[in-house]
Amino acid sequence: MKKLLAFVLAAAMSLSLAACGGSTTTSSAPASGATPASSAAADKYKVGILAPAVTHGWVAAVAYHAEARCKELADKVDYKLYTSNNADEMTSQLDDLMTWGAKAIVAFPQWEGMEVPIKKAVDAGITIVNFDIAINVDGVYRVSGDNEGMGVEGAKYIVDKIGKTGNVVILDVPTSGSVAELRKKGFTETVAKLAPDLKLTTYATKFTREDGLKDFADILTKNPKIDAVYSMDDETSIGALQAIKEAGRTDIKVITGGGGAQEYFNMMPQNENIWIESALYSPAMVRDAVDVAVNVLDGKTEEKVKIIPTTIVDRDNCAQFKDDKSPY
C-alpha cells in the first residue's frame, strides 16, 4: 500500500509540474543513490515536448495528453516536457533538448519567433512535429485540427439558425496567429457564399473567459441588436455568455465556440433560448503528434501535414461527448 501511495503521489507531482510556467518533466531521471539508466533505456528514443505554460484549460490538457502518450510508449520513449511563457523561453528549452540529445521534438508554440530555432533543430537532423499552430519551416511535420473547417462549420450553423440576414459579431483573436486567421477565413468566406447580406462586425479578444466577459460586455453596450456571435473558443464563449446573462440580453440566438470544454458542453442543454455550439478541436490530438514523431523515428512514412476534421457539438448531441475524467 505504501508503495502504491508513493507512486500515486509521484505521478501527481509530475502532472503538476507540467502545468507550471517554465517547468520541465523528465521521464527517467534516477532517484538519489539509484543506478544509472540501463542499456535498454539508453536504446529508447529521446523525445522532447515543448508546450506553453498554462493560460487556458485547453493548453493544460495538451501538456496532459502529450505526457500521457509518452508514458504509454515508455517501452520505447524517454521524454522531457517543458512549458514556457514566451518564445525566448521556449527557444532556450529547445536548446536544452538538443543538448540532451532529443531525436524528435513535438512543439506547440503560441507565439511568433520560433521559426529560426526550429529550423536550427531541423538542420541538426531532429524530427520536428509541429502541433496546432503552423510554423513556416521546411521539413517540419504538422498535426492540427481543421481550423478553417471550424470556421466553415460555424458559418453554416449560424445561417441555419438565424437565416440569411441579421447582425453577427465576430470575436477575433489576432494574437493567436494562424489559428484565428484560418477560423476567420473559413467563416467569412462561407458567409459570403451562403448569406452575403449578413452584417459582420469584428472585435478583438483573447482565448480566455475573463477576456470574453470583459470584451463582450463592452460589445453589448455598442451593439443594441445582435443576432449571433461567431466565437472561436469555448472559454471565450463562456465569458461572453456571462456578459449576456448579466446584461439581461435576449436578442442573441446563437453563439459558437471551439475546442470542446466539458463545462461548455454542460451549458448547452441548460440554455434553451440560445443555441450554444462548439466546433470540436480536442487537445487529445497531441497524442497523434507524439505518434507521428515516434513513427518517423521508426522509419515509417508519415504525411507532412495531418489535419483532423472537426465535429459540431450542441444541445442535440452534447451527451455523446461528456467525459467526467477529461482535464478540459
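Residues numbered from 1 in each chain as written. Predicted model: local features only at pLDDT ≥ 70, side-chain atom pairs only at ≥ 80, totals over all residues. Heavy atoms only, no water.

**Student:** Go over the overall build of the protein with me, naming the residues and quoting the values.
**Tutor:** Scanning the protein from N- to C-terminus turns up 11 helices and 15 strands. Classification of the 328 residues of the protein by burial places 49% in the buried group. Taking the intrachain contacts of the protein between residues at least 6 apart in sequence as the baseline, contacts between residues at least 24 apart amount to 74%. Split by element, the accessible area of the protein, about 15400 Å² in all, is 53% carbon and sulfur. (Helix = DSSP H or I, 4+ residues; strand = E, 2+ residues; numbered from the N terminus. Buried < 20%, exposed > 50% of the residue type's maximum accessible area, 1.4 Å probe, protein only. Contact = heavy atoms within 4.5 Å. Areas by Shrake-Rupley, 256 points an atom, 1.4 Å probe, with all protein chains shown as cover.)

**Student:** Please set out the sheet that holds strand β12 (residues 275–276) residue by residue, giving values where relevant.
**Tutor:** Pairing in this open sheet of five strands is parallel, and the strands run β8-β7-β9-β10-β12 from one edge to the other. Here the strands that pair on one side only, and so sit at the sheet edges, are β8 (199–204) and β12. Judged from the two bridges that link them, strand β9 (residues 228–231) and strand β10 (residues 254–255) form a sheet pairing that is parallel. Residue Val229 lies in a different strand from β10, and its bridge partner there is Ile255. Contacts between helix α6 (residues 147–162) and the sheet are confined to β7 (167–172), β9, β10 and β12, with β9 contributing the most and set at about 170 degrees to the helix. Packing of helix α7 (residues 178–194) onto the sheet brings it into contact with β7, β8 and β9, and relative to β7 it is tilted by some 165 degrees. (Pairing = 2+ DSSP bridges. Axes fitted to C-alpha atoms, helices over the stretch in contact; angles between N-to-C directions.)

**Student:** How would you sum up α6? Please name residues and give values.
**Tutor:** An α-helix turns once per 3.6 residues; consequently, residues spaced three or four apart project the same way. Over its 16 residues, α6 runs 23 Å from end to end, which matches the ideal 22 Å to within 8%, given 1.5 Å per residue. Those residues of α6 that sit buried are Asn147, Gly149, Met150, Gly151, Gly154, Ala155, Tyr157, Ile158 and Val159. Gly163 occupies a position one or two residues after α6 and carries a positive phi of about 90 degrees. (Expected span 1.5 Å × (residues − 1).)

**Student:** Explain the sheet that holds strand β13 (residues 278–280) to me, using residue names and the numbers behind them.
**Tutor:** Spatially, the three strands line up as an open sheet ordered β11-β13-β15, and their pairing is mixed. Sheet topology places β11 (258–259) and β15 (312–313) at the edges, where each strand pairs with a single neighbour. Summarising the sheet, β11 and β13 pair through two bridges and their orientation is parallel. Within β13, the position partnered with Gly258 by the bridge is Ala279.

**Student:** I'd like to hear about the packing of α6 against α7, residue by residue, with values.
**Tutor:** One way to put it is that α6 packs onto α7 with a least axis distance of 7 Å and a crossing angle of 40 degrees. If you check the angle between α6 and α7, you find them oblique. For the pair α6 and α7, the sense of crossing is right-handed. Residues Asn147, Glu148, Met150, Gly151, Val152, Gly154, Ala155, Lys156, Ile158 and Val159 of α6 touch α7, and the partners they reach there are Val179, Leu182, Arg183, Lys185, Gly186, Phe187, Glu189, Thr190, Val191 and Leu194. Across the contact of α6 with α7, the residue classes break down as 10 nonpolar, five polar and five charged. (Parallel < 35°, antiparallel > 145°, perpendicular 65-115°, else oblique. Left-handed = near helix turned anticlockwise from the far one by under 90°. Nonpolar A, V, L, I, M, F, W, Y, C, P; charged D, E, K, R; others polar.)

**Student:** Which residues make up the nonpolar core, and what values go with them?
**Tutor:** Where a protein is soluble and globular, its nonpolar side chains tend to be buried together. In this structure, Val106, Phe131, Phe216 and Tyr264 are the most contacted members of the largest nonpolar core, which totals 75 residues. Dropping the residues within four chain positions of it, Phe216 is found in contact with Val169, Leu171, Asp211, Ile226, Val229, Ala240, Ala243, Ile244 and Ile252. In terms of nonpolar packing, the next biggest core, distinct from the first, is built from 19 residues, Leu94, Trp100, Ile128 and Val137 among them. (Core = buried A, V, L, I, M, F, W, Y, C linked by side-chain atoms within 4.5 Å.)

**Student:** Hey, could you go over the pattern of salt bridges for me, with residue numbers and the actual values?
**Tutor:** Per the counting criterion, the structure on display carries 19 salt bridges. Here Asp95 makes a salt bridge to Lys120, at a shortest N to O gap of 3.5 Å. With a gap of 25 residues between them, Asp95 in helix α4 (residues 87–100) and Lys120 in helix α5 (residues 115–123) connect regions that are remote in the sequence. Residue Asp95 is classed as partly exposed on the basis of its relative accessible area of 29%. Residue classification places Lys120 among the partly exposed positions, given a relative accessible area of 47%. Of the charged contacts in the structure, one is a salt bridge between Lys306 and Asp288, with a shortest N-O distance of 3.1 Å. On the criterion of sequence distance, the pair formed by Lys306 in strand β14 (residues 305–308) and Asp288 in helix α11 (residues 286–297) is long-range, its members being 18 residues apart. (Salt bridge = Lys/Arg side-chain N within 4 Å of Asp/Glu carboxyl O.)

Any functional reading would require information beyond the geometric quantities listed.
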